[in-house]
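Next come the chains, spelled out residue by residue.
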Amino acid sequence: MTAIEERMKALAPEYIEVRRALHRRPETAFEEVETTARIREELARCGIEILPNGDDTGLVGILRGAAPGPVIALRADMDALPIQEESGLPFASEIPGRCHACGHDIHMATLLAAARLLSEYRAHLRGTVKFFFQPAEEKLGGARSLIAHGFLDDVDAVFGAHTWPDTPGGSIGYRRGAMMAGSDTFRIAIRAPGGHAAHPHKTPDPVAAAAYMITQLQTIVSRETAPLDSAVVTVGKMTAGTAANIIPSEVVLEGSLRYLLPETRAKIHESIRRIAAGTALSLRVEASVEILPGCGPVIGEDRLVDMIETAVTRLLGPEKADVLPTASMGSEDFAFYLEKKPGAFFRLGTGSDDPASRLPLHNSRIHFSEDAISAGAVAFCGIAFLATGSDLSVLE
């Protein structure tokens, strides 16, 4: 066991309790006031300087090494989901309709533990480490808020992580190339005069048009996207009608599109507009399409992904380094940082023998292996040493 693993082993019970305290008091996007206060308190105990951000939620801590060097950022998101927890855990959410079903409580405890460790190794650290505790990842706005405040301006590289049920607890997953998909949302409004259900010949039917449109949208992936490319088009919401005997005047479809390549995104946009227009013409309705841009794909820089691999292999052991075979079609607002600065992203393994730990993220019954906290904290420390040009052997 490496020196930093030994130290983290001693600290683990403390940060498991921190995680559980955060889990009990989940707060959703841009409402993380109590969460922010707890993080501020934990960083202050480590002697970490807090940078004012002008907002009620989220904060940035800063640790200056003993010698000059690069500036790097390590990021954890903070927000919970508007879901009623059904995990049965003794430290389950105490706030109705709110829970950490995406593991952001694990992220925060992990980065807090890393801040503690790095503060103890400050004498051996070059450069500066910024700790980004970011609000509102689920709404894709929190990263933009930290960027807007200028916290990324002087950063040379940024690293982030996310829980992952498919990776064993205590292991770190990484890959070169695309890690997560880019995403946009779309809204198609289908309109017609409307009329009585008993007289369908007297008005075009937007419900029939919507049904046809939904089936045709699926051909974007099955018939228009290269088989070795990756894309998703999902209609997640359909709003229509007020009564069983009325043909409505409007139907609204709302959905999500996912992609890994910019050219795929452009093709999907064009196809959605073409299918909506063609369907509207053939079924005598009117259709308007609105596409709302989300975040781009998460694609790490190879040399920085190499640092993740090196840190994990040397500090946790090669058996804890899990090369991920594919990207996830989920999206992450970490992509906004990567639009500005080089960076890399990795997975915190949270799977275990507990079947509830292998449920998908955002499930109200999911459990997370708390082994992720120690593994992630050690990985973050190793990455910080490598990215700032510090001597990694000090941690071994």
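From a predicted model like this one, the values you see are computed outputs, not experimental measurements.

The rules behind the values
Residues numbered from 1 in each chain as written. Predicted model: local features only at pLDDT ≥ 70, side-chain atom pairs only at ≥ 80, totals over all residues. Heavy atoms only, no water. Phe/Tyr/Trp six-rings, centres within 6.5 Å; stacked < 30°, edge-to-face > 60°. Helix = DSSP H or I, 4+ residues; strand = E, 2+ residues; numbered from the N terminus. Buried < 20%, exposed > 50% of the residue type's maximum accessible area, 1.4 Å probe, protein only. Pairing = 2+ DSSP bridges. Axes fitted to C-alpha atoms, helices over the stretch in contact; angles between N-to-C directions. Contact = heavy atoms within 4.5 Å. Disulfide = S-S within 2.5 Å. Core = buried A, V, L, I, M, F, W, Y, C linked by side-chain atoms within 4.5 Å. Polar contact = N/O pair within 3.5 Å; in protein donor to acceptor, adjacent residues only side chain to side chain. Expected span 1.5 Å × (residues − 1). Parallel < 35°, antiparallel > 145°, perpendicular 65-115°, else oblique. Left-handed = near helix turned anticlockwise from the far one by under 90°. Nonpolar A, V, L, I, M, F, W, Y, C, P; charged D, E, K, R; others polar.

Caption draft 1: Highlighting the packing of aromatic side chains. Using the criterion set out here, one finds five aromatic pairs in the structure. Judged by centre distance (5.6 Å) and plane angle (70°), the ring pair of Phe334 and Tyr337 falls under edge-to-face. Pair noted here: Phe334 and Tyr337 are both in helix 9 (residues 334-340), with a separation of three residues, about one helical turn. Each member of the pair, Phe334 as well as Tyr337, is classed as buried. Residues Phe346 and Phe380 carry aromatic rings whose centres are separated by 5.2 Å and whose planes lie at 65° to one another, so their mutual orientation is edge-to-face. Highlighted residues: Phe346 in strand 16 (residues 343-351) and Phe380 in helix 10 (residues 371-387), separated in sequence by 34 residues. Owing to a relative accessible area of 0%, Phe346 belongs among the buried residues under this scheme. Using a relative accessible area of 2% as the deciding quantity, one classes Phe380 as buried.

Caption draft 2: Expanded view of the sheet that holds strand 3 (residues 67-77). Spatial ordering of the open sheet is given by 1-2-4-3-5-16-6-15, a layout of eight strands whose pairing is mixed. Only two strands of the sheet have a single partner each, and these edge strands are strand 1 (49-51) and strand 15 (321-323). Neighbour-to-neighbour, the strand axes of the sheet open up by a mean angle of 30°, direction not taken into account. In this structure, strand 3 lies alongside strand 5 (residues 157-168), joined through four bridges in parallel fashion. The residue bridging Ile72 from the neighbouring strand is Ala157, located in strand 5. In the packing of helix 2 (residues 33-45) onto the sheet, the strands contacted are strand 1, strand 2 (59-64) and strand 4 (126-134), and the crossing angle to strand 2 comes to about 10°. Strands in contact with helix 3 (residues 104-120) are strand 2, strand 3, strand 4, strand 5 and strand 16; relative to strand 3, the strand with the most contacts, it is inclined by about 160°.

Caption draft 3: Quick peek at the state of the cysteines. On inspection of all chains with the given rule, the structure shows zero disulfides. With no disulfide of its own, Cys295 lies 13 Å from the sulfur of Cys102, the closest cysteine sulfur. Not engaged in a disulfide, the cysteine Cys381 finds its nearest cysteine sulfur in Cys46; these two sulfurs lie 11 Å apart. Since its relative accessible area comes to 0%, Cys381 is described here as buried.

Caption draft 4: Examining the nonpolar core more closely. Core analysis: the largest hydrophobic core is formed by 69 residues, its most contacted members being Leu74, Phe131, Phe133 and Phe159. Phe133 has contacts with Ile39, Leu43, Gly58, Leu59, Ala76, Met78, Met108, Leu111 and Leu112, leaving out every residue within four places of it along the chain. Counting 24 residues, the second-largest nonpolar core is a separate cluster that includes Val60, Val298, Tyr337 and Phe345.

Caption draft 5: How the structure looks around the environment of Ser93. With respect to the element layout, Ser93 can be found in the loop between strand 3 and helix 3. A residue is classified by how much of its surface remains accessible, and Ser93, at 19% relative accessible area, is buried. Along the primary structure Ser93 and Ala21 are separated by 72 residues, whereas in three dimensions their C-alpha atoms are 9.4 Å apart. Apart from the residues lying within four places of it in its own chain, the contact partners of Ser93 are His23, Arg24, Pro26, Glu85, Arg98 and Cys99. Only 2.6 Å separates the side chain of Ser93 from the backbone oxygen of Arg98, close enough to count as a polar contact.

Caption draft 6: How the structure looks around the sheet that holds strand 13 (residues 286-295). In spatial order, the strands read 10-12-8-13; together these four strands make up an open sheet with antiparallel pairing. Each having just a single partner strand, strand 10 (231-240) and strand 13 make up the two edges of the open sheet. The sheet shows a mean angle of 20° between the axes of neighbouring strands, direction not considered. The strands that helix 7 (residues 262-282) touches are strand 8 (182-191), strand 10, strand 12 (250-259) and strand 13; relative to strand 13, the one it contacts most, it runs at about 165°.

Caption draft 7: Quick peek at helix 10. Taking 1.5 Å per residue, 17 residues should reach 24 Å; helix 10 reaches 24 Å between its end C-alpha atoms and fits that length. With 14 of 17 residues buried, helix 10 lies mostly within the body of the structure. Within two residues after helix 10, Gly389 carries a phi angle of roughly 75°, on the positive side.

Caption draft 8: Spatial organisation of the side chain of Ser119. Summarising the element assignment, Ser119 is placed in helix 3. Sequence-distant contacts of Ser119, defined by excluding residues within four places in its chain, comprise Cys46, Ile48 and Leu63.

Caption draft 9: Molecular detail of the packing of helix 1 (residues 3-24) against helix 2. Contact geometry of helix 1 with helix 2 gives a least axis separation of 11 Å together with a crossing angle of 165°. Considering the angle they form, helix 1 stands roughly antiparallel to helix 2. In terms of crossing hand, the pair formed by helix 1 and helix 2 is right-handed. Residues Glu14, Tyr15, Val18, Ala21 and Leu22 of helix 1 form the contact with helix 2, whose participating residues are Thr35, Arg38, Glu42 and Arg45. For the contact of helix 1 with helix 2, the per-class residue count stands at four nonpolar, one polar and four charged.

Treat this as a map of the structure, not an account of what it does.
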